[in-house]
Amino acid sequence: MTHSDKKIKVLHISEAAGGVERYLVTLLRKLSGNREFEHVLVCPENFDTKKFSGIANACICIKELQHEIRPKQDIAAIRDIRKVIRDQNPDIVYFHSSKAGAVGRIADFGFKNIKIYNAHGWSFNMRSIGKMKRLFYVLVEKLLAPLADRIICISKYEKNSALENKICKANKLTVIRSGIELEQAELHTKQAETPAEKRSCREALGIPKDAVIVGTIGRLSEQKSPDTFVRVAKEISRNHDNVYFVMVGDGSLRDETQKLIDQMELSERFRITGWVDDPLEYAADFDVAVLLSRWEGFGLVLPEYMMMGKPIVATNADAIPEVVGKAGMIADVDDVDMITSKICEIIDHPKIGKKLVEEGSRRIKLFDAVHMAEKHSELFRRMVKRGKGK
């Protein structure tokens, strides 16, 4: 079957808000100018569908499509997704995230379309789960792998992890790095150079103009280790009176994190913004940008830090060293002393931070969303042309 005379319809299915939602917005925005494709999004009701206006041909919300594992809801979600697939009759169904990949592939069983799966970070790599749950997740991925014609990995680490756990053969795996929209980040950079813009951000946070800001962007969850960030802040504050600490985000550990801040007597020098529309507005004021994840399939905020011209300190978790390269300093996960030392090194020696920023400005080209979109377009065309892409 050829598609020279009609558009290739791609049905995207995801239940994961946050990072995966941002990924989809970026991908579809870059693909929207390509008239050979038609994109339909299937998502839960908590997605901000306004963000997809003009870049997706349609958004279909399914109430039962939830992130948590709930058998009754999951069965209902499978039923509803199957109906959507039947009605839409897509050429390609693209499953985003582990949960959507599971319920979606089951729902799509028996339909003659091309199936692409992107876990956006393997669930079995989460450090917060026990051995039995990890084995369960590995088993689920192995069982469902035959129901995908192609599996996208967002980093080389993710591909290697799939092979080490024998999820599938190498010829089914394709690495397409996550990307960011460099032109938007450049806009933020120009705004940050305007004194009025910089003052307004600091004023909103109640931080002195001459203070040093150590900041991080991400959910307040076990993965992002906000507790480690607070403990590092305490150590830095012992010898640096002019350093303030900012967490841009919110999450299930918000109250717990605030209690730890209070216990450490850091309340005057610590700010938690909660959810914000544009985290990069705050990142523009960072003097040191931090990501202390305990596990990470990619870490999209890292290239964003690079584009904003920020020196980076990050942990050696999973794909992080692969993404950071020489644009940041790497410390062991949960090693408060090592992380503190790296941050203080940048604060105390500006030339070190400048060198990291220069390396980041060169490295950022690897993560241009244009490349991510081009690789997806090539894959879509090739798989439709071959019928299965195998």
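Before reading on, note that the structure itself is shown above.
Residues numbered from 1 in each chain as written. Predicted model: local features only at pLDDT ≥ 70, side-chain atom pairs only at ≥ 80, totals over all residues. Heavy atoms only, no water.

Undergrad: Looking at this model, I keep getting lost on the sheet that holds strand S9 (residues 243-248). Mind explaining?
TA: Think of a sheet as strands paired side by side through backbone hydrogen bonds, with each pair either parallel or antiparallel. Here we have six strands laid out as an open sheet, ordered S10-S9-S8-S11-S12-S13, and parallel in their pairing. Of all the strands in the sheet, the pair left with one neighbour each is strand S10 (270-272) and strand S13 (328-331). Taken over all neighbouring pairs, the strand axes of this sheet differ in orientation by 20 degrees on average, direction set aside. Sheet topology note: the strand S8 (residues 212-217)/strand S11 (residues 288-291) ladder contains three bridges and is parallel. (Pairing = 2+ DSSP bridges. Helix = DSSP H or I, 4+ residues; strand = E, 2+ residues; numbered from the N terminus. Axes fitted to C-alpha atoms, helices over the stretch in contact; angles between N-to-C directions.)

Undergrad: Would you explain the pattern of salt bridges in this entry?
TA: When the charged atoms of two side chains with opposite charge come close together, those side chains can pair. Counted under the stated rule, the structure contains 18 salt bridges. We note a salt bridge from Arg127 to Asp318, for which the minimum N-O separation is 2.6 Å. Here Arg127, found in the loop between strand S5 (114-118) and helix H4 (131-144), pairs with Asp318, found in the loop between strand S12 (312-315) and helix H12 (320-324); they are 191 residues apart in sequence, far enough to count as distant. Between Arg294 and Asp334 there is a salt bridge, with its nearest N and O atoms 3.0 Å apart. With Arg294 in the loop between S11 and helix H11 (301-307) and Asp334 in the loop between S13 and helix H13 (336-348), the pair connects residues that are 40 residues apart, well separated along the chain. According to the relative accessible area criterion, Arg294 is buried, its value standing at 13%. When salt bridges with common partners are traced through the structure, they connect Arg202, Asp285 and Asp287 into a single cluster. (Salt bridge = Lys/Arg side-chain N within 4 Å of Asp/Glu carboxyl O. Buried < 20%, exposed > 50% of the residue type's maximum accessible area, 1.4 Å probe, protein only.)

Undergrad: I'm lost on the sheet that holds strand S3 (residues 58-61) in this one. Help?
TA: The strand order S3-S2-S1-S4-S5-S6-S7 describes an open sheet built from seven strands, whose pairing is parallel. For this open sheet the edge positions go to S3 and strand S7 (173-175), each flanked by a neighbour on one side alone. Recorded for the sheet is a direction-independent mean angle of 20 degrees between the axes of neighbouring strands. Examined bridge by bridge, strand S2 (residues 37-43) and S3 share four bridges and lie parallel to one another. Counted as the bridge partner of Leu41 is Cys59 from S3. Relative to the sheet, helix H2 (residues 71-88) contacts strand S1 (8-14), S2 and S3, its axis offset from that of S1 by approximately 170 degrees. (Contact = heavy atoms within 4.5 Å.)

Undergrad: In this structure, what is going on with the nonpolar core? I would like to understand it.
TA: Among the nonpolar cores identified, the biggest contains 36 residues, and Phe286, Leu302 and Tyr305 are the most heavily contacted of them. Counting residues per element, the ones that place at least two in this core are helix H7 (195-205), S8, S9, helix H10 (280-283), S11, H11, S12 and H12. Broken down by element, this core gets its largest block of residues, five residues, from H11. Counting 32 residues, the second-largest nonpolar core is a separate cluster that includes Val40, Val42, Ile81 and Ala119. (Core = buried A, V, L, I, M, F, W, Y, C linked by side-chain atoms within 4.5 Å.)

Undergrad: Teacher, can you tell me more about the environment of Ala369 here?
TA: Structurally, Ala369 is set in helix H15 (residues 369-386). A sequence separation of 342 residues divides Ala369 from Leu27, and the C-alpha atoms of the two residues are 7.1 Å apart. With near-sequence residues (within four places) excluded, Ala369 lies in contact with Thr26, Lys30, Gly179, Ile180 and Glu181.

Undergrad: Explain the pairing of S11 to me, please; I cannot follow it from the model alone.
TA: Within a regular beta strand, the side chains point alternately toward one face of the sheet and then the other, so they alternate between its two faces. Burial along S11 is two-sided: the residues Val288 and Val290 and Ala289 and Leu291 are all buried. Sheet topology places S11 next to S12; three bridges connect them, and they run parallel. Bridge pairing links Val290 to Val313 in S12. Once the chain exits S11 it traverses H11 before rejoining the sheet at S12, and the crossover so formed is right-handed. (Right-handed = clockwise from strand over helix to strand, strands pointing away.)

Undergrad: I'm lost on empty space enclosed by the protein in this one. Help?
TA: Rolling a probe over the atoms, with the probe sized like a water molecule, indicates the empty space that remains. Here the structure, examined in full by the defined rule, presents two cavities of 30 Å³ or more. Lining of the largest cavity is provided by 14 residues; of these, Thr216, Arg219, Lys224, Pro226 and Met247 occupy positions nearest its centre. Counting residues per element, the ones that place at least two in the lining of the largest cavity are S8, helix H8 (226-239), S9 and S11. When its residues are assigned to classes, the lining of the largest cavity shows nine nonpolar, three polar and two charged. Taken as a whole, the second largest cavity encloses approximately 30 Å³ of empty space. Residue lining of the second largest cavity: Asn118, Ala119, His120, Gly121, Trp122, Ile152, Cys153, Ile154 and Glu158, and that is the complete set. Residue composition of the lining of the second largest cavity, by class: five nonpolar, three polar and one charged. (1 Å grid on protein atoms, 1.4 Å probe; cavity = no way out; pocket = protein on both sides within 12 Å on 5 of 7 lines; lining within 4 Å. Points joined across faces, edges and corners; volume = space filled by probe spheres on them. Nonpolar A, V, L, I, M, F, W, Y, C, P; charged D, E, K, R; others polar.)

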